[in-house]
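# Secondary and tertiary structure notes
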Amino acid sequence: MRLAGPVRIIVVVLTVGLTWILAGIILGTQNGFPRLQQIMGGSDVISTADPRPRKYKCGLPQPCPEKHFAFRLVSGAANVIGPKICFEDKMVMSSIQNNVGRGLNIALVNGVNGELIEAKSFDMWDGDVAELLSFLRPVHEGTLVLLASSDDPATKMNEDARKMFIELGSSSARDVAFRDSWVFVGAKGVQDKSPFEQ
């Protein structure tokens with residue numbers, strides 16, 4: 001009679017353990033039991049590599065070449081999802097940081113050392129385009145201009161503003177219209193059109 005208690009405990013422990021091992025093998029999460037699987041007849045060693053693809057700076061699918069900056073720009077969706085600007089794995093502008101707004105969201109970055117100079121949003125529906133012009137006019141040569149639109153990038157944009165973006169390397173600035181999505185990376189002193197525009 002005294003033996004029944006310990007036997008029950010052993011049976012319960014064995015049942016739970018074997019159930020756990022079996023569930024791990026069936027569900028493919030047998031990371032903790034590669035040796036046990038070899039003993040039970042499995043000939044292949046189980047890889048414990050993470051099946052998810054590796055992400056690099058700013059969530060990019062591959063690393064940037066040496067002496068290049070990593071960046072990712074995402075325009076906002078209507079007035080629901082805010083835009084994002086990530087530069088060298090640092091979120092420069094986003095809704096979470098509460099520094100984006102309707103219109104044009106622009107970050108100025110030193111093109112030599114990658115340091116953020118300034119980031120600001122400009123309301124192109126209800127705001128004053130003169131603020132945008134006074135922000136961009138003093139930009140020095142070699143300064144990167146990262147832009148992500150949200151909701152409406154063009155209602156208040158005049159010819160001077162469009163010309164300024166064209167000088168920064170934009171090929172779409174002349175055609176940007178009401179409620180267009182626009183992301184752009186340009187620089188002061190660029191000779192050609194920027195390949196980083198959508």
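Before reading further, recall that the structure is shown in the block above.
Fair warning: this is a prediction, and the values are worked out from it, not measured in the lab. (Residues numbered from 1 in each chain as written. Predicted model: local features only at pLDDT ≥ 70, side-chain atom pairs only at ≥ 80, totals over all residues. Heavy atoms only, no water.)

### What about the overall build of the protein chain?
How we decide: Each helix corresponds to a stretch of at least 4 residues labelled H or I by DSSP, and each strand to a stretch of at least 2 residues labelled E; elements are numbered beginning at the N terminus. Relative accessibility decides the category of a residue: with a 1.4 Å probe and only protein chains considered, values under 20% of the type maximum give buried, values over 50% give exposed, and everything between is partly exposed. Should any heavy atoms of two residues lie within 4.5 Å, those residues are counted as being in contact. Areas reported as accessible are Shrake-Rupley estimates using a 1.4 Å probe. Residue values count occlusion only from the protein chains shown.
For the protein chain, the helix and strand inventory stands at four helices and seven strands. When the helices and strands of the protein chain are listed from N to C terminus, the series reads α-α-β-β-β-β-β-α-β-α-β. Burial statistics for the protein chain: of 198 residues in total, 32% are counted as buried. A separation threshold of at least 6 residues defines the contact pool for the protein chain, and within that pool the share at least 24 residues apart is 52%. Carbon together with sulfur atoms contributes 56% to the accessible area of the protein chain, which is approximately 13,000 Å² in total.

### Considering the pairing of strand 7 (residues 183–187)
One face of the sheet, then the other: side chains in a regular strand alternate in exactly this way. Note the threshold: Paired strands, as defined in this entry, are two strands with at least two bridges between them according to DSSP.
For strand 7, a buried count of five out of five residues is recorded, marking the element as mostly surrounded by other parts of the structure. Neither face of strand 7 is open: one carries Val 183, Val 185 and Ala 187, the other Phe 184 and Gly 186, and all of them are buried. Two strands pair when backbone bridges link them, and strand 6 (residues 143–150) and strand 7 are joined in this way by five bridges, in the antiparallel orientation. Looking at strand 7, one finds that Leu 144 is bridged to Ala 187.

### Focus on the pattern of salt bridges
Operational definition: We define a salt bridge as a side-chain nitrogen of Lys or Arg found within 4 Å of a carboxyl oxygen belonging to Asp or Glu.
According to the stated counting rule, one finds four salt bridges in the structure shown. When the shortest N-O distance is used, the salt bridge between Glu 88 and Lys 57 registers 2.8 Å. Of the two residues, Glu 88 sits in the loop between strand 2 (84–87) and strand 3 (90–93) while Lys 57 sits in the loop between helix 2 (34–39) and strand 1 (71–74), which places them 31 residues apart along the sequence. Judged by its relative accessible area of 40%, Lys 57 falls in the partly exposed class. Arg 102 serves as the salt-bridge partner of Asp 123, at 2.9 Å between the closest nitrogen and oxygen.

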